[in-house]
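Understanding the architecture of this molecule
So you can see what is in the structure, the chains are spelled out below.
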Amino acid sequence: MSSLEKLLKQELGTANLHSTGQSGGGCINEGSAYDTDHGTIFVKFNSKAQALRMFQGEFESLTALSQADQVKVPKPIKVISNPQGGAMLVMEYIPMTGLSKYAAKLGEQMARLHLHNAELCAKETATQQSVHFQGRYSSHVNQFGFPVTTCCGYLPQENDFMDLWVDFFARKIEQHVKMAEEKYNDRDARPLWSALVLKLPKMFHDLDIQPALLHGDLWGGNAGETTEGPVIFDPASFYGHSEYDLAISKMFGGFGQTYFRSYHSILPQQLGFDDRQDLYMMFHYFNHWNHFGGGYKASTLRLLQTLAKKYS
């Protein structure tokens, strides 16, 4: 048994810890499934110095999504700091396959998730008191942000609450513009972003944007299904504009039209939707640029330039 597995066994208080032989992972983390006294678990491992912050954010994201109870996620169990460096995230193990027959169901459930916080507000208004269900994420939130830092990939998202979505989103992009400048000594994005940021209010004209609990990173690789329905995982949650969650769902292979038709049957597209999707895709291109290098630079700058010109 490795030192990590010994630590895991101790922290979980289980007499038995046996690998099932099933593993998973991606470009950020590695993961393995284990049988324990308390059932089968899935454990994500990362040795980076920032792993503890990253996993704490994912734990809180899974907690918030689980308590909203609109779409199935693995229930988080524990975040464990590794004294030798890095951390582990322990969660419920859910055997699943790729999203297929339940794509429409996921679209419906994601729309319900995005409406959930507004529905809590309506209930509170009707009863003239706070509506609290079980769990700390089960009452209405009236600002944009999240109680903790969450990471899209391993890069942190500044989630301090703000009153206006335009300001909150502008801060997200500014964070990545500065990161590209510092990490790559690349200032090509700065003049384009400086021009676009002044025009952002035009892209949200006449929209009443209510904070919605978001997955934050819902691309095709972060969704699957069991025999009973869809499952989403690897979230980077915060309260934001519902449309934000759709942009990355169209990237990197993305979800099919069945998903989007189902979603929009509940939350129809609003005027300017396509341009805002480009704006939100731009964040994810920035995020990939700052994760993986200049291969994503051209796509980022192209979206910046197109939007800045269109709203000039």
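All of the points below concern the structure found in this document.

Cut-offs applied
- Residues numbered from 1 in each chain as written.
- Predicted model: local features only at pLDDT ≥ 70, side-chain atom pairs only at ≥ 80, totals over all residues.
- Heavy atoms only, no water.
- Buried < 20%, exposed > 50% of the residue type's maximum accessible area, 1.4 Å probe, protein only.
- Helix = DSSP H or I, 4+ residues; strand = E, 2+ residues; numbered from the N terminus.
- Pairing = 2+ DSSP bridges.
- 1 Å grid on protein atoms, 1.4 Å probe; cavity = no way out; pocket = protein on both sides within 12 Å on 5 of 7 lines; lining within 4 Å.
- Points joined across faces, edges and corners; volume = space filled by probe spheres on them.
- Nonpolar A, V, L, I, M, F, W, Y, C, P; charged D, E, K, R; others polar.
- Contact = heavy atoms within 4.5 Å.
- Axes fitted to C-alpha atoms, helices over the stretch in contact; angles between N-to-C directions.
- Phe/Tyr/Trp six-rings, centres within 6.5 Å; stacked < 30°, edge-to-face > 60°.
- Lys NZ or Arg CZ within 6 Å of the ring centre and 35° of its normal.
- Parallel < 35°, antiparallel > 145°, perpendicular 65-115°, else oblique.
- Left-handed = near helix turned anticlockwise from the far one by under 90°.
- Salt bridge = Lys/Arg side-chain N within 4 Å of Asp/Glu carboxyl O.
- Expected span 1.5 Å × (residues − 1).
- Core = buried A, V, L, I, M, F, W, Y, C linked by side-chain atoms within 4.5 Å.

Quick look at the pairing of strand β3 (residues 39–46)
- Counting buried positions along β3 gives six out of eight residues, so the element sits mostly inside the fold.
- When strand β2 (residues 30–36) meets β3, the two strands line up antiparallel, connected through seven bridges. From the neighbouring strand, Glu30 faces β3, where its bridge partner is Phe45.
- In the sheet, β3 pairs with strand β5 (residues 87–92) via six bridges, with the strands oriented antiparallel. Bridge assignment links Phe42 to a residue of β5, and that residue is Met91.

Thoughts on empty space enclosed by the protein
- This structure, assessed with the given rule, holds one cavity of 30 Å³ or more.
- Volume-wise, the largest cavity comes out at about 30 Å³.
- Lining of the largest cavity is provided by His116, Asn117, Leu120, Tyr137, Ser139, Leu213 and Tyr239.
- The element best represented in the lining of the largest cavity is helix α3 (residues 103–127), accounting for three residues.
- When its residues are assigned to classes, the lining of the largest cavity shows four nonpolar, three polar and no charged.

Considering the sheet that holds strand β11 (residues 230–232)
- Ordered in space as β6-β10-β11, the three strands form an open sheet in which the pairing is antiparallel. If you trace the sheet from one side to the other, it starts and ends with β6 (97–98) and β11, each paired once.
- Relative to β11, α3 is tilted by about 55 degrees, and along the sheet it contacts β10 (223–225) and β11.

A word on the packing of aromatic side chains
- Overall, the coordinates contain 19 aromatic pairs when judged by the stated rule.
- Consider the rings of Tyr184 and Trp289, whose centres lie 6.4 Å apart with planes at 5 degrees: the pair is stacked. Note that Tyr184 is positioned in helix α4 (residues 165–184) and Trp289 in helix α9 (residues 273–292), a separation of 105 residues in sequence.
- Among the aromatic residues, ring-to-ring pairing joins Phe144, Trp165, Phe168, Phe169, Phe238, Tyr244, Tyr280 and Phe283 into one connected group.
- One Lys or Arg, Lys172, reaches over the ring of Phe283 and ends 4.2 Å from the middle of that ring.
- A cation over a ring is seen here: Lys250 above Phe260, with NZ or CZ 5.5 Å from the ring centre.

With respect to the packing of α9 against helix α10 (residues 297–310)
- Running from N to C, α9 and α10 cross one another at 150 degrees; their axes reach a closest spacing of 8 Å. The angle between α9 and α10 places the two elements in the roughly antiparallel class. As α9 runs across α10, the sense of the crossing is left-handed. Residue-level inspection shows Asp275, Asp278, Leu279, Met281, Met282, Tyr285, Phe286 and Trp289 of α9 in contact with α10, the latter providing Lys297, Ser299, Thr300, Leu301, Leu303, Leu304, Leu307 and Lys310.
- Considered class by class, the residues forming the contact of α9 with α10 number ten nonpolar, two polar and four charged.

Description of the pairing of β2
- Of all seven residues that make up β2, five are buried, and the element is covered over most of its length.
- The antiparallel pairing of β2 with β3 creates a hairpin that spans two residues between the two strands.

Observations regarding the pattern of salt bridges
- According to the stated counting rule, one finds ten salt bridges in the structure shown.
- The salt bridge involving Arg190 is made with Glu174; its shortest N-O contact spans 3.0 Å. Here Arg190 is found in helix α5 (residues 189–197), whereas its partner Glu174 is found in helix α4, with 16 residues between them in sequence.
- Notably, a salt bridge pairs Lys297 with Asp186, separated by 2.8 Å at the nearest N-O pair. With a gap of 111 residues between them, Lys297 in helix α10 and Asp186 in the loop between α4 and α5 connect regions that are remote in the sequence. For the residue pair Lys297 and Asp186, the accessibility class agrees, reading buried in each case.

Focus: the side chain of Glu181
- With respect to the helices and strands, Glu181 occurs in helix α4.
- When near neighbours in sequence (up to four residues on either side) are disregarded, Glu181 contacts Asp186, Arg187 and Arg190.

Looking at helix α2 (residues 51–68)
- End to end, α2 covers 26 Å across 18 residues, agreeing with the expected 26 Å (1.5 Å per residue, within 8%).
- Of all the 18 residues making up α2, 13 are buried; the element is thus mostly covered by neighbouring parts of the structure.
- After α2 finishes, the residue Asp69 shows a positive phi value of roughly 60 degrees.

Points about the nonpolar core
- The biggest cluster of nonpolar side chains holds 78 residues, and the ones touching the most others in it are Met110, Trp165, Trp193, Leu196, Leu279 and Met282.
- Broken down by element, the residue count for this core peaks at nine residues, all from α9.
- Setting aside residues up to four positions removed in sequence, Met282 forms contacts with Ile173, Trp193, Leu196, Thr300, Leu303 and Leu304.

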